[in-house]
Amino acid sequence: MDLGLTGKVAIVTGSARGLGAATARRLAQEGAKVVITDINGELAQATAKALQDEGLAAHCIVGDITKGADVQRLVDETVAHFGGVYILVNNAGAPRDKYLVKMSEDDWDFVMAVMLKGAFLAAKAVMPHFIDQGWGRIINISSRAHLGNPTQANYSAAKAGLIGMAKALSKEEGRYGVTCNCVAPGFMETEMVKALPTYETIKDNAIAAQPVKRVGQPDDIADAVAFLASERAGFISGEVLHVTGGRYG
């Protein structure tokens, strides 16, 4: 299926590794020009170079998604380098898991800033371009955690917030040819997750709770994002696509 992404320009936040890197690679494989952006400059540069070495169109812009000036520079440099911007994937995120009574104000603020404030700043910066060209796609990477997880009051609230944001923007911006949707991953086998000392236990518990008895892979998310970013998904907006192996609770 031709997704109609050839020549489209995509920004994927938090794309130095994990789900973001896999998503950027899939969009590039479908013909998009992708911007790798992350606060980890060394890793972001390496990821962009790896895509370039595969013959894919990629560019690296280092920045802090929680700072408005950095985000505006990200969008301005994207437009200057690739000639436009058509797709935004709000993937950047970071957990600080603790029981509520042990969660500090900084733990709460940090998670909210990276995920919610970052998504707000990025969406606001790209929207004038989307409106002017009459076409745009925003995909927020939420999580099954939006349903609530113990020790993740901050993370669950932020992921739920991304869904609310997507639904609001779908109503606000649809008249301009802009869609906004969410992908909600379940348990995914990323580098960060595999490095956890309790990885095997977490994996076994997740598979036991899932109807589909395998571990989710970053490419599962990348494929979902590529579809929602495509011409084929132009009449889908304000939706949440759960990629969880059938697990919702």
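Above this text is the structure in question.
Since this is a predicted model, take the numbers as computed values, not measurements. (Residues numbered from 1 in each chain as written. Predicted model: local features only at pLDDT ≥ 70, side-chain atom pairs only at ≥ 80, totals over all residues. Heavy atoms only, no water.)

1. Remarks on the overall build of the chain
We apply this condition: A run of H or I in DSSP counts as a helix once it spans at least four residues, and a run of E counts as a strand once it spans at least two, with each numbered from the N terminus. The globule rule used for comparison is 2.2 Å times the number of residues to the exponent 0.38, while the radius of gyration itself is calculated over C-alpha atoms. Throughout this description, buried means an accessible area under 20% of the type-specific maximum (1.4 Å probe, protein chains only), exposed means over 50%, and partly exposed covers the range between. In this description, contact between two residues means that some pair of their heavy atoms is separated by no more than 4.5 Å. The charge count treats Lys and Arg as positive and Asp and Glu as negative. His and the chain ends do not count. To locate a charge, take atom NZ for lysine, CZ for arginine, CG for aspartate or CD for glutamate.
Within the chain one finds 8 helices and 7 strands. A compact globule built from 249 residues should have a C-alpha radius of gyration of about 18 Å, and the chain, at 17 Å, falls within 12% of that. Principal-axis analysis of the C-alpha atoms places the extent of the chain at approximately 45 × 40 × 35 Å. Among the 249 residues that make up the chain, the fraction classed as buried is 51%. Here the analysis covers contacts within the chain between residues at least 6 apart in sequence; of these, 72% occur between residues at least 24 apart. A distance of 4 Å separates the average location of the 25 positive side-chain charges in the chain from that of its 27 negative side-chain charges.

2. Focus on the pairing of strand β4 (residues 87-90)
Remember that side chains alternate between the two faces of the sheet whenever the strand is regular. This is how it is decided: Here the rule is simple: two strands pair whenever DSSP picks up at least two bridges between them. Viewed with both strands pointing away, a crossover whose connecting path from the first strand over the helix to the second turns clockwise is right-handed.
Every second residue of β4 is oriented toward a common face, with I87 and V89 on one face and L88 and N90 on the other, all of them buried. Judged from the 3 bridges that link them, strand β1 (residues 9-13) and β4 form a sheet pairing that is parallel. Pairing of V12 across the sheet is with V89, part of β4. Of the strand pairs in this sheet, β4 and strand β5 (residues 136-141) are connected by 4 bridges, and their pairing is parallel. Residue V89 lies in a different strand from β5, and its bridge partner there is I139. Handedness of the crossover joining β4 and β5 through helix α4 (residues 105-133): right-handed.

3. Some details on the nonpolar core
Selection rule: Throughout, nonpolar core names a set of buried Ala, Val, Leu, Ile, Met, Phe, Trp, Tyr and Cys residues whose side chains join them through atoms within 4.5 Å.
Ranked by internal contacts, the top residues of the largest apolar core, which has 33 residues, are L27, V34, I87, I139, V183 and I221. Elements represented by at least two residues in this core include exactly β1, α1 (18-29), β2 (33-38), α2 (41-53), β3 (58-62), β4, β5 and α8 (218-229). Ranked by the residues each element gives to this core, the list is headed by α8, at 6 residues. Every residue in contact with I221, bar those within four places of it in the chain, is listed here: L19, T23, I141, V183, P185, M188 and V243.

4. Describing the packing of aromatic side chains
Put simply, the test is: Only the six-membered ring of Trp is used, alongside the rings of Phe and Tyr, when aromatic pairs are assigned; centres must lie within 6.5 Å, and planes under 30 degrees apart are stacked while those over 60 apart are edge-to-face, with the rest tilted.
What the rule picks out here adds up to 2 aromatic pairs. Measuring from centroid to centroid gives 6.1 Å for Y86 and W135, while their planes differ by 65°, and the two rings are edge-to-face. Taken together, the positions of Y86 in the loop between α3 (68-82) and β4 and W135 in the loop between α4 and β5 put the pair 49 residues apart, joining distant regions of the chain. Relative to Y199, the ring of F187 lies with its centre 6.3 Å away and its plane at 25°, an arrangement referred to as stacked. Pair noted here: F187 is in the loop between β6 (178-185) and α6 (191-194) and Y199 is in helix α7 (residues 199-209), with a separation of 12 residues, a long-range link.

5. A closer look at the pattern of salt bridges
Heads up, the condition is: A pairing counts as a salt bridge when a side-chain nitrogen of Lys or Arg comes within 4 Å of a carboxyl oxygen of Asp or Glu.
Enumeration according to the criterion identifies 11 salt bridges in this entry. Taking the shortest distance from any N to any O, the salt bridge between E54 and R25 comes out at 2.8 Å. Placement of the pair is E54 in the loop between α2 and β3 and R25 in helix α1, with a sequence separation of 29 residues. Using a relative accessible area of 43% as the deciding quantity, one classes E54 as partly exposed. R96 is the salt-bridge partner of D107, the closest N and O atoms lying 3.5 Å from each other. Pair noted here: D107 is in helix α4 and R96 is in the loop between β4 and α4, with a separation of 11 residues, a long-range link.

6. Side note on the pairing of β2
Summarising burial for β2: 5 of the 6 residues are buried, a large majority. In this structure, β1 lies alongside β2, joined through 5 bridges in parallel fashion. When the sheet's bridge partners are listed, V9 is paired in β2 with K33. Read from β1 through α1 to β2, the crossover connection turns out right-handed. Taken together, the 5 bridges between β2 and β3 define a ladder with parallel strand orientation.

7. A short note on the side chain of S156
Within the secondary structure, S156 is located in helix α5 (residues 153-173). With a relative accessible area of 8%, S156 lands in the buried category.

The analysis is restricted to geometry; functional conclusions fall outside its scope.
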